[in-house]
Amino acid sequence: MLPPVRCFTCGKPIGGKIFQEFQRRVQRGEDPKKVMDELKVKRYCCRTVLLSTVVLVDDIAPYHSFNFP
Ligand SMILES: [Zn+2]
């Protein structure tokens, strides 16, 4: 739902610059493999997190109740 702060397996910080850069470049149509290689994301655990994360927080936020009884 939210972008991951760290890799779930090895703990490498990928939440800030790396995740945003990856999302932006892949949405422009670049090859994900090439982007991850250039961002120096080498381990397959970190690459799995980048490839499999679906950010849904903006879709769910309008339905969230902050006045939960
Ligand atoms: Zn990792």
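Preceding this paragraph is the structure being described.
Let me begin by describing the structure that accompanies this report. (Residues numbered from 1 in each chain as written. Predicted model: local features only at pLDDT ≥ 70, side-chain atom pairs only at ≥ 80, totals over all residues. Heavy atoms only, no water.)

## Details of the pattern of salt bridges
1) Next: Applying the stated rule across the entire model yields 8 salt bridges.
2) Next: Close ionic contact of E38 with R25 constitutes a salt bridge, the shortest N to O distance being 2.4 Å. Of this pair, E38 sits in helix α2 (residues 32-38) while R25 sits in helix α1 (residues 17-27); the two residues are 13 residues apart in sequence, bridging distant segments of the chain.
3) Next: Between D37 and R47 there is a salt bridge, with its nearest N and O atoms 3.0 Å apart. Of this pair, D37 sits in helix α2 while R47 sits in helix α3 (residues 44-52), and the two are 10 residues apart along the sequence.
4) Next: Under the relative-accessibility criterion, D37 is labelled partly exposed at 30%.
5) Next: Since its relative accessible area comes to 16%, R47 is described here as buried.
6) Next: Where salt bridges share partners, they join E21, R24, R25, R28, E30, K34 and E38 into one cluster. (Salt bridge = Lys/Arg side-chain N within 4 Å of Asp/Glu carboxyl O. Helix = DSSP H or I, 4+ residues; strand = E, 2+ residues; numbered from the N terminus. Buried < 20%, exposed > 50% of the residue type's maximum accessible area, 1.4 Å probe, protein only.)

## Points about the coordination of the zinc ion
1) Next: The zinc ion binds to the protein through C7 (SG), C10 (SG), C45 (SG) and C46 (SG), with metal-donor distances spanning 2.3 Å.
2) Next: Angles of 98 to 119 degrees at the metal separate the 4 donor atoms of the zinc ion, which places the site in the tetrahedral class.
3) Next: Between consecutive donors of the zinc ion, the numbers of intervening residues give the motif C-x2-C-x34-C-C. Taken together, the residues span a long stretch of sequence, with C10 in the segment before α1 and C46 in helix α3 at a distance of 36 residues.
4) Next: With a relative accessible area of 35%, C10 lands in the partly exposed category. (Donors = N, O, S within 2.8 Å, 3.2 Å for Na, K, Ca; no water. Tetrahedral: all angles 85-135°; square planar, octahedral: opposite > 155°, others 65-115°.)

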